[in-house]
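Here are the chains, one letter per residue:
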Amino acid sequence: MNNLVRIISSKKILIIAAIVFVSLIYISVSHKESPSSNASRASQKYFTCITVEEGDTLWDIAEEYKTEEYSSTQEYVDELLSINNLNTATIVTGTNLLVPYYEVKNYD
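**Q** Any details on the pattern of salt bridges? Residues and values, ideally.
**A** The final tally for this structure, using the stated rule, is one salt bridge. Across the salt bridge formed by K45 and E79, the nearest N and O atoms sit 2.5 Å from each other. On the criterion of sequence distance, the pair formed by K45 in strand β1 (residues 41-51) and E79 in helix α3 (residues 73-83) is long-range, its members being 34 residues apart. Judged by relative accessible area, which is 17%, E79 ranks as buried.

**Q** With reference to specific residues and values, describe the side chain of N84.
**A** When you line up the elements, N84 lands in the loop between α3 and β2 (96-106). Excluding its chain neighbours within four sequence positions, the residues that come into contact with N84 are L97 and L98.

**Q** Go over a negative patch on the surface, please, and point to the residues and values.
**A** A cluster of like negative charges, contributed by E53, D60, E63 and E64, occupies part of the molecular surface. Assignment of secondary structure puts D60 in helix α2 (residues 58-65).

Basis of the calculations
- Residues numbered from 1 in each chain as written.
- Predicted model: local features only at pLDDT ≥ 70, side-chain atom pairs only at ≥ 80, totals over all residues.
- Heavy atoms only, no water.
- Salt bridge = Lys/Arg side-chain N within 4 Å of Asp/Glu carboxyl O.
- Helix = DSSP H or I, 4+ residues; strand = E, 2+ residues; numbered from the N terminus.
- Buried < 20%, exposed > 50% of the residue type's maximum accessible area, 1.4 Å probe, protein only.
- Contact = heavy atoms within 4.5 Å.
- Patch = residues over 30% accessible without salt bridge, like charges linked within 9 Å, V, L, I, M, F, W, Y side chains within 5 Å.
- Areas by Shrake-Rupley, 256 points an atom, 1.4 Å probe, with all protein chains shown as cover.
- Lys, Arg positive; Asp, Glu negative; His and termini not counted.
- Charge placed at Lys NZ, Arg CZ, Asp CG, Glu CD.

Here it is in structure tokens:
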């Protein structure tokens, strides 16, 4: 009976040690991806409304307003099309467009 209690106790200790070990590895890996130097900075998405001027294209607007959060100008143009419910990239002078942008806020 005492041997059985020792075996069960040693298995419990082994399981608890394994859980602690896996938890520590998970925590160390998950925190490597978020550097502490950026902990006090956060990028927030905002929207503004602009009026299309003569000669403007979605590409021009994207070049002016896109930030590093977008991987490409085309990705930004695609978002402009989507949020403004546009079927084509053709825009008309005088049209109002909703334009997204990101701003970095410091939380020091």
